Amino acid sequence: MDSTSLRERQKERRRARIYTVAIDLFKRGGFQTTTATDIAKASNVSRGTFFNYYPYKEAVLLDYGSEVMNRLRDHAEARLHDGAAPLTVLYEVWDRLADENTRERDLFPPLAYEVMNPNPERARTAYQALPLSKVIELILRPMHQAGMMRTDLSLQRISNLIADTYLMVALRWSAYGTDRPLQEEMRLALSLLLEGAVKREPPRS
């Protein structure tokens, strides 16, 4: 076996172990109270080794978020391939994401804050790791191609605005809570985005 390939596989296994241990610690003890030292010790690596793989603690959450986005994209692609209506798929993805955030409520705020990090490089890294807008764009593209979307905004901008709305509503729900489940809150927000808030009078005959 090539020594370079062996080293790369060892590095991948070590990174996977650190990731798995870190996520488990975050879930059991809370993200804020878990330190890099805690993760390194539980992973049987040095603190320096942890930072070789993850330059800051929040970077672990980006791997988690990336896994979620990949699952959502796979679901969307499969459903569109099966002929499901794009808006049906969008609501399905919305519900799946809301369910994930509900299960892992404590992980979402630090993940969302990373997207809004004042450090531009970190914010860019988070945005690239969490391409929700790309998943939405994939879902809405058939409607855009069929001329069913408004033309004064690009599909990319529409997708970004929908993704940004999810981020802010879910962050508020995670941090403060409401009387309604997150899935219900998110469906309300998506409906408002798609249908508008202004009452429209029926056309006069």
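Before any of the text, the structure's been laid out above.
Every value quoted in this text rests on a predicted model; they were computed, and no experiment measured them.

Conventions used here
- Residues numbered from 1 in each chain as written.
- Predicted model: local features only at pLDDT ≥ 70, side-chain atom pairs only at ≥ 80, totals over all residues.
- Heavy atoms only, no water.
- Axes fitted to C-alpha atoms, helices over the stretch in contact; angles between N-to-C directions.
- Helix = DSSP H or I, 4+ residues; strand = E, 2+ residues; numbered from the N terminus.
- Parallel < 35°, antiparallel > 145°, perpendicular 65-115°, else oblique.
- Contact = heavy atoms within 4.5 Å.
- Nonpolar A, V, L, I, M, F, W, Y, C, P; charged D, E, K, R; others polar.
- Phe/Tyr/Trp six-rings, centres within 6.5 Å; stacked < 30°, edge-to-face > 60°.
- Buried < 20%, exposed > 50% of the residue type's maximum accessible area, 1.4 Å probe, protein only.
- Lys NZ or Arg CZ within 6 Å of the ring centre and 35° of its normal.

1. Let's talk about the packing of helix α4 (residues 58-81) against helix α7 (residues 120-129)
Here's step 1: Interhelical geometry of α4 versus α7 gives an angle of 25° and a closest axis separation of 8 Å. Here α7 runs roughly parallel to α4, going by the angle between their axes. Contacts between α4 and α7 involve Glu58, Leu62, Gly65, Ser66 and Met69 from the former and Arg122, Thr125, Ala126 and Ala129 from the latter.
Here's step 2: Classifying every residue of the contact of α4 with α7 gives 4 nonpolar, 3 polar and 2 charged.

2. Here we look at the packing of aromatic side chains
Here's step 1: As enumerated under the stated definition, the model contains 4 aromatic pairs in all.
Here's step 2: Ring centres of Phe26 and Phe31 lie 4.8 Å apart, and the angle between their planes is 65°; on these two criteria the pair is classed as edge-to-face.
Here's step 3: A relative accessible area of 4% means that Phe31 is categorised as buried.
Here's step 4: Note on Trp94 and Tyr166: the rings are 5.0 Å apart at their centroids and 75° apart in plane angle, and the pair reads as edge-to-face. Pair noted here: Trp94 is in helix α5 (residues 86-103) and Tyr166 is in helix α9 (residues 155-176), with a separation of 72 residues, a long-range link.
Here's step 5: For Tyr166, a relative accessible area of 2% corresponds to the buried category.
Here's step 6: Grouped by ring-pair contacts, the aromatic residues Phe50, Phe51 and Tyr54 constitute a single cluster.
Here's step 7: Taking NZ or CZ as reference, Lys57 lies 4.3 Å from the ring centre of Phe31, over its face.
Here's step 8: Between the NZ or CZ atom of Arg105 and the centre of the ring of Trp173, over which it lies, the distance is 3.9 Å.

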